[in-house]
Amino acid sequence: MGFESLRGCHLFNNFHRIVFLKAKHFFILLLLTLGALLVHGYHPWAEDAEIYVPGVEKILHPELFPFNAQFFQSHAHLTLFPNFIAASVRLTHLPLSVMLLFWQAASIFLLLLACWQLSRRCFSDENACWAGVALVASLLTVPVAGTALYVMDQYINPRNLVAFAVVFAIVEMLDKKYVLAGLFLLFAAVVHPLMSVFALSFCVVLVGVRGFDRRYLNFGILLPFGLSFAPPPPAYHPVALAHSYFYLLRWHWYEWLGVLGPVAILWWFSKVARSRQLHNLDLLCRALIVYELVYLPAAIVLSILPRFESLARLQPMRCLYLLYVLMFVIMGGLLGEYVLKNKAWRWLALFVPLCGGMFTAQRALFPSSAHIEWPGAAPRNGWAQAFVWIRENTPTNAIFALDPVHMRVKGEDEQGFRAIAQRSRLADDAKDSGAVSMFPEMAEEWQRQVQAQAGWEKFQAQDFLQLRSEYGVSWVVVRQPVAGLDCPYQNAVVRVCRL
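Residues numbered from 1 in each chain as written. Predicted model: local features only at pLDDT ≥ 70, side-chain atom pairs only at ≥ 80, totals over all residues. Heavy atoms only, no water.

## Looking at the overall build of the protein chain
- Scanning the protein chain for helices and strands turns up 21 helices and 5 strands.
- Here the protein chain holds 499 residues, and the buried ones make up 57% of them.
- In the protein chain, once contacts between residues fewer than 6 apart in sequence are set aside, the share between residues at least 24 apart is 71%.
- As displayed, the protein chain has an accessible area near 21,500 Å², and 64% of this comes from carbon and sulfur atoms. (Helix = DSSP H or I, 4+ residues; strand = E, 2+ residues; numbered from the N terminus. Buried < 20%, exposed > 50% of the residue type's maximum accessible area, 1.4 Å probe, protein only. Contact = heavy atoms within 4.5 Å. Areas by Shrake-Rupley, 256 points an atom, 1.4 Å probe, with all protein chains shown as cover.)

## Considerations on unusual backbone geometry
- With a phi close to 65°, Ala148 is a non-glycine residue in the positive phi region.
- A positive phi angle is found at Lys176, which is not glycine, with a value near 60°.
- Relative to the elements of secondary structure, Lys176 occurs in the loop between helix H8 (158-174) and helix H9 (178-191).

## Things to note about the pattern of salt bridges
- Across all of its chains, the model carries 15 salt bridges by this definition.
- With a shortest N-O distance of 2.9 Å, Arg425 and Glu50 are connected by a salt bridge. Separated by 375 residues along the polypeptide, Arg425 in strand E2 (residues 424-425) and Glu50 in helix H3 (residues 49-60) bring together distant segments of the chain.
- For Glu50, a relative accessible area of 1% gives the class buried.
- Between Arg479 and Asp403 there is a salt bridge; the shortest N-O distance is 3.9 Å. Pair noted here: Arg479 is in the loop between strand E3 (475-478) and strand E4 (486-490) and Asp403 is in the loop between strand E1 (399-402) and helix H18 (417-421), with a separation of 76 residues, a long-range link.
- In this structure, a network of salt bridges that share partners links the residues Glu50, Arg418, Arg425, Asp428 and Asp432. (Salt bridge = Lys/Arg side-chain N within 4 Å of Asp/Glu carboxyl O.)

## Considering the nonpolar core
- The biggest cluster of nonpolar side chains holds 138 residues, and the ones touching the most others in it are Phe202 and Leu284.
- With 16 residues, helix H6 (residues 96-122) is the largest single contributor of residues to this core.
- Beyond its immediate chain neighbours, meaning those up to four positions away, Phe202 contacts Ile170, Leu284, Ala287, Leu288, Tyr291, Leu322 and Leu326.
- Membership of the second largest hydrophobic core comes to 17 residues, among which are Trp456, Val478, Val482 and Leu485. (Core = buried A, V, L, I, M, F, W, Y, C linked by side-chain atoms within 4.5 Å.)

## Notes on the packing of aromatic side chains
- Inspection of the entire model under this criterion finds 26 aromatic pairs.
- Three or more aromatic residues joined by ring pairs make a cluster, and in this case those are Trp383, Phe387, Trp389, Phe400, Phe417, Trp475 and Tyr489.
- Between Arg159 and the ring centre of Tyr321, over which it is positioned, the NZ or CZ distance is 5.9 Å.
- The cationic tip of Arg276 hangs over the ring face of Tyr338; the distance from NZ or CZ to the ring centre is 4.5 Å. (Phe/Tyr/Trp six-rings, centres within 6.5 Å; stacked < 30°, edge-to-face > 60°. Lys NZ or Arg CZ within 6 Å of the ring centre and 35° of its normal.)

## Some remarks on empty space enclosed by the protein
- Applying the stated criterion across every chain yields a total of 4 cavities of 30 Å³ or more.
- The calculated volume of the largest cavity comes to roughly 110 Å³.
- Contributing elements (two or more residues each) for the lining of the largest cavity: H8, helix H10 (193-211) and helix H15 (319-340).
- For the lining of the largest cavity, a count of residues per class yields 10 nonpolar, 1 polar and 2 charged.
- Of the pockets and cavities examined, the second largest cavity occupies roughly 60 Å³. (1 Å grid on protein atoms, 1.4 Å probe; cavity = no way out; pocket = protein on both sides within 12 Å on 5 of 7 lines; lining within 4 Å. Points joined across faces, edges and corners; volume = space filled by probe spheres on them. Nonpolar A, V, L, I, M, F, W, Y, C, P; charged D, E, K, R; others polar.)

## Thoughts on the side chain of Arg418
- Among the structural elements, Arg418 can be located in helix H18.
- Note on Arg418: relative accessible area 1%, which makes it buried.
- Only 2.9 Å separates the side chain of Arg418 from the side chain of Asp432, close enough to count as a polar contact.
- When neighbours within four sequence positions are excluded, Arg418 is seen to be in contact with Glu50, Pro54, Glu57, Phe65, Asn68, Phe71, Phe72, Arg423, Arg425, Leu426 and Asp432. (Polar contact = N/O pair within 3.5 Å; in protein donor to acceptor, adjacent residues only side chain to side chain.)

## Here's the deal with the state of the cysteines
- Scanning the entire structure with this criterion turns up 1 disulfide.
- Two residues share a disulfide in this structure: Cys487 and Cys497, whose sulfurs sit 2.0 Å from each other. As the torsion about the S-S bond is roughly 85°, the Cys487-Cys497 disulfide counts as right-handed. In this pair, Cys487 is assigned in strand E4 and Cys497 in strand E5 (residues 495-498), connecting sequence segments 10 residues apart.
- Taking the relative accessible area as the measure of exposure, Cys487 reaches 23% and is therefore partly exposed. (Disulfide = S-S within 2.5 Å.)

Written out as structure tokens, the structure is:
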């Protein structure tokens with residue numbers, strides 16, 4: 001057998017070692033996945049799904065979104081995520097809604113599997129391993145300090161899909177299986193480029209801390225700053241300021257606790273690990289401290305100097321995402337080994353209130369929608385009901401206008417118009433501004449469209465006709481009756497009117 005064949009077998013054996021599970025472990029992970037869905041909910045069209053899902057829909061049906069597609073395709077062009085999801089729909093011949101749920105559940109399962117493998121590298125006690133995984137499953141929708149991120153969103157997106165890969169890369173780094181770690185990082189890079197940079201920099205720091213080689217650490221520090229950007233247009237400035245999570249010095253005091261607290265916690269965990277000869281755990285804790293301290297000065301500098309405004313969109317403090325995931329695995333493991341042990345009542349005393357609190361928080365975020373929005377089920381949300389009617393009863397090339405802040409209206413639950421209705425609309429001041437914050441070249445056109453909709457709540461028929469004249473708007477969604485408009489659909493919260 002040749003060298004290349006031996007190398008291929010070696011890689012296969014390594015991969016088999018990662019994914020192979022005893023039946024008992026598989027069913028525990030499956031139960032934890034289902035439990036996580038029940039606790040945290042599922043909202044496939046909400047929040048940033050308004051950016052990611054239309055990219056998939058555009059691939060599946062190219063005739064969709066003939067107007068303003070740049071506001072979601074700017075993200076889609078940098079990732080293979082929409083191609084991956086669209087390919088799975090074509091391969092299985094299942095509805096997109098079914099595949100979105102499948103990949104959400106698969107992402108949770110794979111992340112928990114990766115956390116299980118990481119726990120096994122840090123702890124020998126099985127209670128500790130499962131406690132680390134269970135804590136991550138319980139805290140999927142906990143906010144990551146002031147970054148505007150959760151550990152895992154309530155809908156499938158590129159970050160959800162690659163979370164498992166970056167954790168597996170770290171597992172392979174601990175095992176010194178660098179080729180396999182590189183393959184996981186490569187997958188992360190083609191699906192979520194920015195997240196792969198954070199993961200790669202942590203892996204570099206991990207190698208440096210293990211070998212006490214400052215050259216590796218310096219390389220890890222420089223990784224996030226190899227990019228340069230042209231000065232943004234003036235219209236970009238108010239957009240950037242509206243996204244306070246870009247700027248560390250604008251975070252609230254309690255969000256700063258989420259920055260500084262982990263350093264102290266991880267330092268304590270490192271001491272515990274050294275005292276108990278848990279070498280991998282000690283290595284992880286020390287590397288995570290260095291990793292955060294690498295990004296913290298950069299985040300402060302980008303918050304202070306106006307000339308770095310366009311660089312602030314790199315969001316250095318999103319490094320905390322990976323840190324939080326690993327910290328929860330470690331925290332849960334220590335609790336399992338030294339507190340919970342094999343006492344069922346202790347496990348219940350910790351996880352029942354914790355899951356109950358997370359469930360309550362999610363219901364407060366989406367009060368007008370079903371907790372789990374199953375594929376094919378009629379939506380309970382009045383806005384979503386209107387968007388479904390639009391999808392089924394209006395021309396594919398129709399252009400809509402809505403209140404530019406409709407996603408922030410009470411009861412709307414951040415349900416995405418484009419994602420559900422599959423129709424074009426004028427730019428909004430919620431998700432489209434998020435796209436502009438990452439791609440400043442769209443700022444001026446975005447500003448013109450949003451300003452054209454200023455004073456929306458007071459618009460009369462002639463104002464809507466002006467939008468038709470200027471942008472070709474043919475339909476509008478309004479909350480209040482407007483004299484002179486033909487509205488073939490209405491429910492308790494909105495009306496859909498033809499111009």
